[in-house]
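# Structural description and commentary
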Amino acid sequence: MEMYRVQSRLKFGSNQRDMQITCYPLLVATEINANSDGQRSKKTMDPDDIFGDSLNLEDTHLNEGYKEGYDTGFASGKDDGREVGLKTGFITGEELGFYRGCIDIWISMIRVEPTCFSTRVQKKIKEMDELVSKYPILDPENENVTDIMGLLRLKFRAICATLNLKLEYKGYPKASDLNEIQF
C-alpha cells in the first residue's frame, strides 16, 4: 500500500502551526447531501483535500446559523406584520364606519327636510360621501389612502364647524391628547 505525506501550515488567529500527516490512500469517498427539496445528491470528495470540511467548519456553522436565524426572523416578522395589519385595518375601518354613519344620518335628514342644511353643507356632505365610497379598502398599499383619509377628516371638521356641532371621532388621538401620550 502506498503512503502519502501531507505537510500543511494551519493558521488560527495569531497562532500558526506546521503539521505533517501520514495518509494512506482511500477509495474515492462520496458524501450524500440532502437538498432543500429533500432530494439526495452525491458529491465526490477529493481524496487530496482531507482537511476541507475541518477547515471550513467555521464558515459552515456561520452559514447554518444565518439560515436558521433568517428563517426564524422571517416567520416572526410575518406574524408581527399580520398583527400590525389587523390592528391598523381595524382602526381604519372603525374610522371609516364612523364617517359613513355620520354621512348616512345627514343624508337621511336632508331627505326628510331638504332645507335643514345650506347648499354649501349639502355639497360637503356629498363630497365626503364620495370620498368614503372611493376609499381603497381592499388595496391598503394604494398611495392615495393617507390623502383620502386626510381629506375626510378635514371635510368632517368643516361640516361640524359649519353646523356648530361638537362631534369627534375618539378613535385617533386629538391635539389636546398629545401631552398624555407616553412611549
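For the structure, check the block above.
What this report covers is the structure whose coordinates are included nearby. Note on numbering: residues in each chain are counted from 1, in written sequence order. Selection of residues for local features in this predicted model requires a pLDDT of at least 70, selection of side-chain atom pairs for listing and counting requires 80 or more, and totals for whole chains, interfaces and linings are taken over all residues. Derived side-chain values reflect all non-hydrogen atoms in the structure, with water molecules and hydrogen atoms excluded from consideration.

A patch is a set of surface residues, each over 30% in relative accessible area and not in a salt bridge, joined within 9 Å for like charges and within 5 Å for the nonpolar side chains Val, Leu, Ile, Met, Phe, Trp and Tyr. Reported accessibility uses the Shrake-Rupley method at a 1.4 Å probe radius. Residues are deemed covered only where the shown protein chains occlude them. Only one rule defines a salt bridge in this text: a Lys or Arg side-chain nitrogen within 4 Å of an Asp or Glu carboxyl oxygen. A surface patch of nonpolar side chains, about 420 Å² in accessible area, is lined by Tyr 66, Tyr 70 and Phe 74. Counting from the N terminus, the helices are DSSP H or I runs at least four residues long and the strands are E runs at least two residues long. Relative to the helices and strands, Tyr 66 resides in helix α2 (residues 57-112).

Time to look at the packing of α2 against helix α4 (residues 145-163). Axis separation between α2 and α4 bottoms out at 12 Å; the angle between their running directions is 40°. Between α2 and α4, the crossing angle belongs to the class labelled oblique. Between α2 and α4 lies a crossing whose hand is left-handed. Side by side, α2 and α4 meet where Thr 92, Glu 95, Leu 96, Phe 98, Tyr 99, Cys 102 and Trp 106 of the first sit next to Met 149, Leu 152, Arg 153, Phe 156, Ile 159 and Leu 163 of the second. Among the residues forming the contact of α2 with α4, the class breakdown is ten nonpolar, one polar and two charged. Axis definition: a line fitted to C-alpha atoms, limited for helices to the stretch in contact. Angles are taken between N-to-C directions and run from 0 to 180 degrees. Orientation is classified from the angle alone, with under 35 degrees giving roughly parallel, over 145 giving roughly antiparallel, 65 to 115 giving roughly perpendicular, and any other angle giving oblique. Crossing handedness follows the turn of the near helix against the far one: under a right angle anticlockwise gives a left-handed crossing, and clockwise gives a right-handed one. What makes two residues a contact is simply this: any of their non-hydrogen atoms within 4.5 Å. Under the convention adopted here, Pro, Cys and the residues Ala, Val, Leu, Ile, Met, Phe, Trp and Tyr are nonpolar, Asp, Glu, Lys and Arg are charged, and Gly plus all remaining residues are polar.

On the secondary structure map, Leu 167 appears in the segment after α4. Sequence separation between Leu 167 and Cys 102 is 65 residues; the distance between their C-alpha atoms is 9.5 Å. Those residues in contact with Leu 167 that lie beyond four places of it in its chain are Cys 102, Trp 106, Phe 156 and Cys 160.

Summed over the entire model, instances satisfying the criterion amount to six salt bridges. Linking Asp 104 and Arg 100 is a salt bridge whose minimum nitrogen-to-oxygen distance equals 3.5 Å. With Asp 104 and Arg 100 both in helix α2 and four residues apart, this pair spans about one turn of that helix. One salt-bridge network, held together by shared partners, links Arg 100, Asp 104 and Asp 129.

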